[in-house]
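These are the residues of each chain, in order.
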Amino acid sequence: MCGIMGCVGPASSDAANTVYKGLKKLEYRGYDSAGIAVTDGNAVNVVKKKGAVEKLLPSLAGLNGNIAIGHTRWATHGKPSDANAHPHRSGGVCIVHNGIIENYAELREELSSLGETFYSETDSEVVAVLFRRNYRGDLLRALAETVKLLKGSYALMVICAGEQKIAAAKYKSPLIIGYGDDGKNYCASDEPALADKCKIMTVLGDGCFALISADNVEIYDGGLRPVTAKKVPLTAVSAELSLNGCSHYMLKELREVPVSVKNTVSAFSGVESKLKEAFKNVSRVIITGCGTAYHAGLIGKRYLERFAGIPTEVQTAGEFRYTEPLINENTLVLAISQSGETADTVEAARLSLAKGAKVVAVTNSAYSELTRLATVTVPVAAGPEICVAATKSYTGQIAALYLIAATICDESVKTNILGNINCVPELCKQVIENININTLAHMCAKSRGVYFMGRDLDYAVAREASLKLKEVSYIPSEGYAAGELKHGTLALIDRKTVSVVLITDKELAEKSANAVEQVLARKGKAAVITCVKEVAENFEGRAEIVLLPKCDKFLAPFIASSAVQYLAYRTAVLRRKNPDKPRNLAKSVTVE
Ligand code: AGP
């Protein structure tokens, strides 16, 4: 949610162009509006526009200066518009903000009563006004005095007429400082913006401040004491962020599913012993996450209970915190998040730690807030995921959960389980390269609603299938347990709907096949995604069949989810929707 970037170069360098290119790489964080503010140390100029970053291009020539900050927005407070776009200005001060200022209404009222005028509906504009009022020639003090008044979350960058530095502050929203190889220094919400510009970075801590100039970076703690910056490698490289010949990132990232699983398996050995330690004396596991990560958790529950015999619950992170969860030191909370930034998931982890539980993070983001909090982090080595819809990170999460369960299970079954996962990359490759899903995609693209169903692990995949299809194609969809069809959803089935029944487990085939029959009896269109040859034969000519490679039932979620995610992609493309940037959504949701 909202990408921000700043750059300070030597006098007469072109900072606006650099920030523009960085913002383009952050668009997955939001694409409602964009803007850039520039100064050469004298006046500050701003350009901001509703729509994608590209809209700024014609105005770049007029933005001269060696210091710039920019923003690409996912709207929370105030509609997407030019006025609500960042940067926000107050006199000679310009700010960009990622996060939410919860007490903005009272601050705005107070400032209005003091004669201040506001030009936007955003929560962020108060920061610009407060900073201007607090600024008396000292950037750091003005920023510290400003953030003291804020409630909520923020990653902030400020530039000011007459100053040759960017001032930055961070609380609960991500901010990194990049040390350029090119005589410039940078600041950004996340790594892709700085790919190929920096090899090292500092991840700014909560409550900390930074003053960034072309040849120096100063970091301060909450008490404004200078601190030595911890420098870590910046791993994003442009080559990994390119489309690599694919029409969309979603397609490219689906093709990277095998590598995501393979790399997650390789990375796992580094945490195995810490993980075993964390699971000591654990009598219960709670898995939490949002959206697709939650769906991976549904599969993880099955692995933990079946392989390791540990009672496991799964809760969406947004609910978890409000259910007064029964947690103690024998509870282990598995928090799953691609970004490691999702506010609901991070807060669920924080609450669990406060109640004495251990928290194991499963994340694609090594320097995220979730990683920082967690007792142990199990890496998902999916590489950067640009498409808003999660694909390869989800498969990587399932691989990580499989490995976690296999690690803590009985030695006698462990070898077998661990050996099995090595087949997954090849199986997923076969599905993604060979699957014939076009007929089903056409059926879905023309339908009024698509219902996915299955039993046990297929049910978990049905939930993910439905979310992915809704997210990228905007077709109403639901994913539910096949047994539930006759308890309500059947009322929705008619010629204009498509029901997709997932049947990957031979033992459950007969029961799940009943659901297909019920759909056909009500004249609904039916499809079966199956690894079971007999099921395919049974429905040949009556339902659309998508045959998957035969595999162990606990590996089936990997291939079935690749199939349904690919189906969502194809359907979106047929409906001429851009699957990489679904309307109203952003990749990281850092507000609750
Ligand atoms: C997935 O396609 C969605 N964009 C969304 O549900 C996502 O999985 C969710 O917001 C959680 O994100 P996280 O994994 O970064 O925490």
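Residues numbered from 1 in each chain as written. Predicted model: local features only at pLDDT ≥ 70, side-chain atom pairs only at ≥ 80, totals over all residues. Heavy atoms only, no water.

> Before we move on, could you go through the overall build of the protein and cite the residues and values that matter?
Each helix and strand counted, the protein has 20 helices and 25 strands in total. The C-alpha atoms of the protein give a radius of gyration of 25 Å, which matches the 25 Å a tight globule of 592 residues would have. C-alpha atoms of the protein, sized along the principal axes, occupy 75 × 50 × 45 Å. Every one of the 592 residues in the protein was classed for burial, and the buried ones make up 61%. Across the protein, the 70 positively charged side chains and the 63 negatively charged ones have centroids separated by 4 Å. (Helix = DSSP H or I, 4+ residues; strand = E, 2+ residues; numbered from the N terminus. Rg over C-alpha atoms; globule rule 2.2 N^0.38 Å. Buried < 20%, exposed > 50% of the residue type's maximum accessible area, 1.4 Å probe, protein only. Lys, Arg positive; Asp, Glu negative; His and termini not counted. Charge placed at Lys NZ, Arg CZ, Asp CG, Glu CD.)

> Just give me the short version of the packing of helix H17 (residues 457-473) against helix H20 (residues 556-574), but keep the residues and values in it.
Direction vectors running N to C along H17 and H20 enclose 20 degrees, while the axes themselves pass 9 Å from each other. The orientation of H17 relative to H20 falls into the category roughly parallel. Remark: the crossing between H17 and H20 carries right-handed chirality. Contacts between H17 and H20 involve Leu 457, Val 461, Glu 464, Ala 465, Lys 468, Leu 469, Val 472 and Ser 473 from the former and Pro 557, Ala 560, Ser 561, Val 564, Gln 565, Ala 568, Tyr 569, Thr 571 and Ala 572 from the latter. (Axes fitted to C-alpha atoms, helices over the stretch in contact; angles between N-to-C directions. Parallel < 35°, antiparallel > 145°, perpendicular 65-115°, else oblique. Left-handed = near helix turned anticlockwise from the far one by under 90°. Contact = heavy atoms within 4.5 Å.)

> Give a description of the sheet that holds strand S12 (residues 209-213) that names residues and reports values.
What links the strands of a sheet is backbone hydrogen bonding, and the strands pair in either a parallel or an antiparallel sense. Ordered in space as S5-S6-S7-S8-S12-S13-S14, the seven strands form an open sheet in which the pairing is antiparallel. A single partner strand is all that each edge strand has here, and the edge strands are strand S5 (88-90) and strand S14 (226-227). Relative to strand S6 (residues 93-101), S5 runs antiparallel, the two sharing three bridges. Residue pairing in the sheet places Arg 89 in a bridge with Cys 94 of S6. Packed onto the sheet, helix H4 (residues 139-147) meets strand S7 (152-160), strand S8 (166-171), S12 and strand S13 (216-220) and runs at close to 145 degrees relative to S12. (Pairing = 2+ DSSP bridges.)

> Describe helix H14 (residues 411-421), with residues and values.
Side chains that are three or four residues apart share a direction in an α-helix, a result of its 3.6 residues per turn. Turning to H14, its buried residues are Lys 414, Ile 417 and Ile 421. For H14, the angular spread of the buried residues around the axis is 80 degrees, confining them to a single face. Turned more than 90 degrees from where H14 packs its buried face, Ser 412, Thr 415 and Asn 416 sit exposed. (Arc of directions from axis to C-beta.)

> Lay out the pairing of strand S22 (residues 477-481) in plain terms, naming residues and giving numbers.
Pairing geometry for strand S21 (residues 449-454) and S22, over five bridges, is parallel. The partner of Gly 454 across the bridge, within S22, is Ala 481. Note that the unit made of S21, H17 and S22 has a crossover that is right-handed. (Right-handed = clockwise from strand over helix to strand, strands pointing away.)

> Now, about the domain arrangement of the protein: what can you tell me, with residues and values included?
Assigned domains within the protein: domain 1 (2-239), domain 2 (250-430) and domain 3 (435-577). Look at where the C-alpha atoms of domain 2 and domain 3 centre, and you get two points 26 Å apart. Facing the 30 residues of domain 2 at the interface are 27 residues of domain 3. A combined buried area of about 2400 Å² lies between domain 2 and domain 3, and 71% of that area is made up of carbon and sulfur atoms. Applying the counting criterion to the domain 2 and domain 3 interface returns one salt bridge. (Domains from an automatic or database assignment. Buried area = accessible area lost by both parts, 1.4 Å probe. Salt bridge = Lys/Arg side-chain N within 4 Å of Asp/Glu carboxyl O.)

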